[in-house]
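One letter stands for each residue in the lines below.
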Amino acid sequence: VMKGVWFSFRLVLAGFGLGLVAGVLLAVLMARLRLAERAILPYLVISQTVPLIALAPLVASWGGKLELFGWEWPRWLTATVLGAFLTFFPIAVGTLRGLQSPSAASLELMDSLAAPWRHTLFKLRFPAAVPYIVPALKLGAAGSVIGVVVAEISTGLRGGIGRLVIEFMRRSNDPAIVYTAVIGAATLGLVMAGLVALADAVFMRNRPKEASA
């Protein structure tokens, strides 16, 4: 079980990183262009209604057909992509909400100082967005675990904790053995949430705290 958790943990980290980059970039784009927000945000919401267990085989099939300069799509990359798929949505929405949270007076002050938009972004909008980004990162971390585990189960990827759940169910009639894999998956989710909380405590200790729900 520990080997399976370690295997899935690396895929979760990769998926979380991809989802984090994609979510923040989308949020910045939507905050910069009102038209982009109106065009992209509805599709982001719709994307989360797609059944993940049905999407995983499609991603594996499409990815298996890719071959660039001798590079072939590895099977583990499907799980990483599915983890990123569930990660980027809460991060994109939370970051967008945070970037739009500064008061009109603060924005007018930056405009009166003729500050470029990038300065307003990094010196005003992102600091104000921290209380919204941190909860979004926690949701994204949990989503990355769900995406990877479901992808492992759907695609039959060996080595991960998701595959162990299926193997234990087939090989044993003892429910306790099955629950060891389930507890391993739950522990993986707690570890990811703990890493986000630790990063928040270390790197953002001088920033505003999380916004209340």
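Small disclaimer: the values here were computed from a predicted structure and weren't measured.

A. Up close: the overall build of the protein. A count of helices and strands for the protein gives 8 helices and 2 strands. The secondary structure elements of the protein, listed N-terminal to C-terminal, are α-α-α-β-β-α-α-α-α-α. Considered along the principal axes of its C-alpha atoms, the protein spans approximately 70 × 40 × 30 Å. The buried share of the protein, reckoned over its 213 residues, is 42%. Pairs at least 24 apart in sequence give 77% of the contacts found in the protein among residues at least 6 apart. For the protein, the accessible area works out to roughly 12,200 Å², and carbon and sulfur atoms hold 68% of it. Between the averaged position of the 19 positive side-chain charges in the protein and that of its 10 negative side-chain charges there is a distance of 2 Å.

B. Local environment of the pattern of salt bridges. If you walk through the whole model with that rule in mind, you get 3 salt bridges. Residues R34 and E37 are paired through a salt bridge, measuring 3.2 Å at the closest nitrogen-oxygen approach. One end of the pair, R34, and the other, E37, are both in helix α2 (residues 34-47), 3 residues apart, so they sit about a helical turn from each other. For R34, a relative accessible area of 58% corresponds to the exposed category. The buried category is assigned to E37, whose relative accessible area is 12%. A salt bridge links R163 to E167; the nearest nitrogen and oxygen atoms lie 3.4 Å apart. Here R163 and its partner E167 are both found in helix α7 (residues 161-171), 4 residues apart, which amounts to about one turn of the helix. Pair check on accessibility: R163 and E167 agree, each one buried. Members of the salt-bridge network, linked through shared partners, are R158, R163 and E167.

C. Structural view of the confidence of the model for the protein. On average, residues of the protein carry a pLDDT of 85, and 94% of them reach 70 or more. Within the protein, helix α1 (residues 2-32) carries the highest mean pLDDT (93), whereas strand β1 (residues 67-68) carries the lowest (70).

D. Representation of the nonpolar core in the model. F16, L82, L99, I161 and M192 are the most contacted members of the largest nonpolar core, which has 46 residues in total. Secondary structure elements with two or more residues in this core: α1, α3 (52-64), α4 (75-99), α6 (117-155), α7 and α8 (175-203). Once residues within four sequence positions are removed from consideration, M192 is found in contact with F9, V12, L13, F16, A141, S144 and V145.

E. Expanded view of α6. Its 39 residues give α6 an end-to-end C-alpha distance of only 44 Å, which falls more than 12% under 57 Å, the value for a rise of 1.5 Å per residue. Along α6, the sharpest kink reaches roughly 55 degrees, centred on V130 and followed within four residues by the proline P131. With its phi angle positive at about 70 degrees, G156 sits one or two positions after the end of α6.

F. Region of the structure containing the packing of aromatic side chains. Considering all chains together, one arrives at 3 aromatic pairs under this definition. Consider the rings of F85 and F88, whose centres lie 6.2 Å apart with planes at 55 degrees: the pair is tilted. In this pair, F85 and F88 both sit in helix α4, 3 residues apart, roughly one turn of the helix. Across the pair, F88 and F85 agree in class, each one buried.

G. Quick peek at the environment of G184. Examined against the element boundaries, G184 turns out to sit in helix α8. Distance from G184 to M2, taken between C-alpha atoms, is 7.4 Å for residues 182 residues apart in sequence. Filtering out sequence-adjacent residues up to four positions away, G184 remains in contact with V1, V5 and I161.

Here is what the cut-offs are and how they apply
- Residues numbered from 1 in each chain as written.
- Predicted model: local features only at pLDDT ≥ 70, side-chain atom pairs only at ≥ 80, totals over all residues.
- Heavy atoms only, no water.
- Helix = DSSP H or I, 4+ residues; strand = E, 2+ residues; numbered from the N terminus.
- Buried < 20%, exposed > 50% of the residue type's maximum accessible area, 1.4 Å probe, protein only.
- Contact = heavy atoms within 4.5 Å.
- Areas by Shrake-Rupley, 256 points an atom, 1.4 Å probe, with all protein chains shown as cover.
- Lys, Arg positive; Asp, Glu negative; His and termini not counted.
- Charge placed at Lys NZ, Arg CZ, Asp CG, Glu CD.
- Salt bridge = Lys/Arg side-chain N within 4 Å of Asp/Glu carboxyl O.
- pLDDT = per-residue confidence, 0-100.
- Core = buried A, V, L, I, M, F, W, Y, C linked by side-chain atoms within 4.5 Å.
- Expected span 1.5 Å × (residues − 1).
- Bend = angle between axes of the 7 residues up to and from the residue.
- Phe/Tyr/Trp six-rings, centres within 6.5 Å; stacked < 30°, edge-to-face > 60°.

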